[in-house]
Amino acid sequence: MFKYQFRWDTVWGSFDFLMGGLEMTLIISAITLVLAMIGGLIIALLDMSRFRVLRWIGVSIGEIVRNTPILVQLLWVYYVLPIVFGIRIEALVALIIGLALYQAAFISEVYRSGIQGVPKGHREAAQVLGLTPIQSFRRIVLPQAIRMTLPPLASNFVQLIKFSSLGAVISVSEITRRGMELSATNFRPLETFTFIAVVYFFICWPLAMGIRFWERRLQAR
Amino acid sequence: MSASPILLADSVTKRFGNNQVLTRVSLPVMERDVVCIVGPSGSGKTTLLRCFALLEAPSEGRIVMQGVPIATAAPDRQVKSAARAVRSDIGMVFQHFNLWPHMSVLENLIEAPMLVKKMPKDEAVAIAESLLKKVDLSDKRDAYPTRLSGGQQQRVAIARALAMSPKVLLFDEATSALDPELRREVLLVMRQLAQEGMTMLVVTHEMGFARHVGTRTVFMDRGEIVEEAPGAAFFDAPKTERAQRFLQQFEDE
């Protein structure tokens, strides 16, 4: 180990190749976050529905997704869906669907606690002043709920950046996959994967720190 | 009584599950009345007030405003539309203020007039500013509620209720959540409103206010109105034993 001859040039030589993968990683994470935010809203609305059947569907999706491993879900979407529906899904699409569904299940909880976190009295005050339930939701509940859900949503983005590395397993050409491919040709896994870990860290860490700061400021208000 | 009541609880019973909180309570409120509802906790005072505020529907009986039923156990379309029509004529001030924390003081005041009454913004702002002056908080116009003391928040809440120019103002233990030294400023505003002729229904533990400002005192216990007397008469000569026992707790004050 101590006699190891570092050959970082093997990494620098493929810098553009890896950065291309990073770009892919960030694009996948961003698209997935948007889809997960929409999916999460749908699940949250199902959860809070007046109709028992819809509630049951919402709760079931949430529980199943939250209580099975994300990797298994990805494999399932990639390998099982084509068998069941007889369609070919591209690895990239499968990754985005799988990740979005997974995050949606968590984001729905974020929304729900955001909405339920608005004290009942705030709605009653609106009601007594004559606001309709829709006006009260739009003007009183939603703005407060959104403020509370923004930091957790940003945290979800950080999580997505990390989870998108699972795309490597179904050969989506994001940064981790490219690292695997590179180390298979340069025989330098130490330099390659260390570099990749550092890249992830210096993207996720500042984001996480920023979110923590942001949350503290919101609490102070 | 010659005149008809502006607001009336007509034999209102309220149950939550098996728990009967109000039993056939009838209470007329006349114009310019300041009715103070007192009684031990759990006596149903707040529930009665919430029925008047249309936040709770009676299980039996009705709430009537100026002769028109606005709440019944099974409201038909007519009752519902009557309720919508008078909704903002009944204002309410809550124990915990319930100001909207994401809006400034001014925004709290102009929200309902603009949204419900479709009032133009400059008119709503002008009214809000004059109301803030009235509750002596003109300098807090752009502050956010969490920056204010409890007493200041409650005065803003009163101004917010007044911005809809209600015909009746309900107070649900408006000073109970405040430190003693902050109660006075809220009670002074309430007293001023009473002197200006505002019709008020006040659930309170402030016996001084009930005695000196209230035109009538209603004593409730276990979901019923036990005793009712004009102004100070209730305090000087309580008729029932339950009321006498209740008032004894305050003798040291």
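Residues numbered from 1 in each chain as written. Chains lettered and ligands numbered in written order. Predicted model: local features only at pLDDT ≥ 70, side-chain atom pairs only at ≥ 80, totals over all residues. Heavy atoms only, no water.

### What about the overall build of chain B?
Our working definition: To qualify as a helix, a DSSP run of H or I must reach at least 4 residues; to qualify as a strand, a run of E must reach at least 2; elements of each kind are numbered from the N terminus. For the radius of gyration, the atom set is restricted to C-alpha positions; the globular benchmark scales as 2.2 Å times the number of residues to the power 0.38. Exposure is judged per residue with a 1.4 Å probe applied to protein chains only, and the accessible area is read against the type maximum: over 50% gives exposed, under 20% gives buried, and values in between give partly exposed. Surface accessibility in these figures is a Shrake-Rupley result with a 1.4 Å probe; residues are shielded only by whichever protein chains are displayed. For the purpose of charge, His is not counted, nor are the chain termini; Lys and Arg are scored as positive and Asp and Glu as negative. In this description, the location of a charge corresponds to atom NZ of lysine, CZ of arginine, CG of aspartate or CD of glutamate.
Helices and strands together make up the secondary structure of chain B, namely 9 helices and 10 strands. Here chain B has a C-alpha radius of gyration of 18 Å; the compact-globule value for 253 residues is 18 Å, and the two agree. Principal-axis analysis of the C-alpha atoms places the extent of chain B at approximately 50 × 50 × 40 Å. Per-residue burial for chain B yields a buried fraction of 56% across its 253 residues. Approximately 11,400 Å² of chain B is accessible, and the part contributed by carbon and sulfur atoms is 46%. For chain B, the distance from the average position of its 31 positive side-chain charges to the average position of its 31 negative side-chain charges is 5 Å.

### Some points on the side chain of Ser43 of chain B
Residue and element names in this part refer to chain B. Applied cut-off: Pairing of N or O atoms within 3.5 Å defines a polar contact, subject to two protein rules: one partner must be a possible hydrogen donor and the other a possible acceptor, and residues neighboring in sequence count only if both atoms are side-chain atoms. Contacts were defined at the residue level, with two residues in contact if any of their heavy atoms lie within 4.5 Å.
Looking at the element boundaries, Ser43 is found in the loop between strand E3 (34-38) and helix H1 (45-52). Ser43 sits in the buried class, given a relative accessible area of 1%. Separated by 2.7 Å, the side chain of Ser43 and the backbone oxygen of Pro40 make a polar contact. Contact partners of Ser43, with chain neighbours within four places excluded, come to Val21, Met220, Asp221, Arg222, Gly223 and Glu224.

### Some words on the nonpolar core
Spelled out, the test is: Only buried Ala, Val, Leu, Ile, Met, Phe, Trp, Tyr and Cys residues count toward a nonpolar core, and they belong to the same one when joined by side-chain atoms within 4.5 Å.
Membership of the largest hydrophobic core comes to 53 residues, with the highest contact counts inside it found for Ile158, Leu169, Phe171, Met190, Met200 and Phe209 of chain B. Counting residues per element, this core draws most heavily on helix H6 (residues 180-195) of chain B, which supplies 7 residues. Judged by nonpolar contacts, the second largest core, of 44 residues, contains Leu131 of chain A together with Ala83, Trp100 and Leu201 of chain B.

### Regarding the confidence of the model for chain A
Just so we agree on the cut-off: Confidence of the prediction at every residue is given by pLDDT, a number between 0 and 100.
Scored by pLDDT, chain A comes out at a mean of 90, with 98% of its residues at no less than 70. When mean pLDDT is taken per element in chain A, helix H6 (residues 120-128) of chain A scores highest with 95 and helix H1 (residues 9-12) of chain A scores lowest with 87.

### A few points about the interface of chain A and chain B
We count it as follows: When two components associate, each loses some accessible surface as probed by a 1.4 Å sphere; the sum of these losses over both components is called the buried area. Salt bridge, as used here: a side-chain nitrogen of Lys or Arg that lies within 4 Å of a carboxyl oxygen of Asp or Glu. Note on residue classes: Ala, Val, Leu, Ile, Met, Phe, Trp, Tyr, Cys and Pro are nonpolar, Asp, Glu, Lys and Arg are charged, and everything else, Gly too, is polar.
Facing 18 residues of chain A, the contacting portion of chain B comprises 26 residues. Surface buried jointly by chain A and chain B totals about 1,900 Å² across both partners, of which 62% is contributed by carbon and sulfur atoms. Applying the counting criterion to the chain A and chain B interface returns 2 salt bridges. Arg139 of chain A is paired through a salt bridge with Glu111 of chain B; the nearest N and O atoms lie 2.6 Å apart. Remark: the boundary between chain A and chain B carries 6 residue pairs in polar contact (both at pLDDT 80 or more). Element by element, the count of residues in the side of chain A that touches chain B is highest for H6 of chain A, at 8 residues. Residues that form the side of chain A that touches chain B fall into these classes: 7 nonpolar, 6 polar and 5 charged.

### Description of the pattern of salt bridges
Pairing is possible between side chains that carry opposite charge, provided their charged atoms lie close to one another. Residues and elements named next belong to chain A. For the structure shown, the criterion picks out 23 salt bridges over all chains. Among the salt bridges present, the one from Arg66 reaches Glu63, with a minimum N-O distance of 3.3 Å. A residue pair is termed a helical-turn pair when its members lie 3 or 4 positions apart in one helix, as Arg66 and Glu63 do in helix H3 (residues 52-66) at 3 residues. Given the relative accessible area of 22%, Arg66 is considered partly exposed. Overall, the relative accessible area of 38% leaves Glu63 in the partly exposed class. Taken together, the salt bridges that share partners define one network made up of Glu63, Arg66, Glu109 and Arg112.

### Observations concerning helix H5 (residues 150-162) of chain B
Applicable threshold: One fewer than the residue count of a helix, multiplied by 1.5 Å, yields its expected span.
Taking 1.5 Å per residue as the helical rise, H5 of chain B with its 13 residues ought to reach 18 Å, and the 18 Å between its terminal C-alpha atoms agrees with that figure. With 13 of 13 residues buried, H5 of chain B is to be regarded as a mostly interior element.

### As for the packing of helix H2 (residues 15-47) of chain A against H3 of chain A
Residue and element names in this part refer to chain A. We apply this condition: Where helices are involved, their axes are fitted lines through C-alpha atoms of the stretch in contact, as for all axes, and angles between N-to-C directions lie from 0 to 180°. The scheme is simple: roughly parallel for angles under 35 degrees, roughly antiparallel for over 145, roughly perpendicular for 65 to 115, oblique for anything else. With the far helix as reference, a near helix turned anticlockwise by less than a right angle produces a left-handed crossing, and one turned clockwise produces a right-handed crossing.
The contact between H2 and H3 brings their axes to 7 Å, and the two run at 130 degrees. Classed by the angle they form, the pair H2 and H3 counts as oblique. As H2 packs across H3, the resulting crossing turns out to be left-handed. Where H2 abuts H3, its residues Ile43, Leu46 and Asp47 lie against Leu54, Arg55, Ile57, Gly58, Val59 and Ile61.

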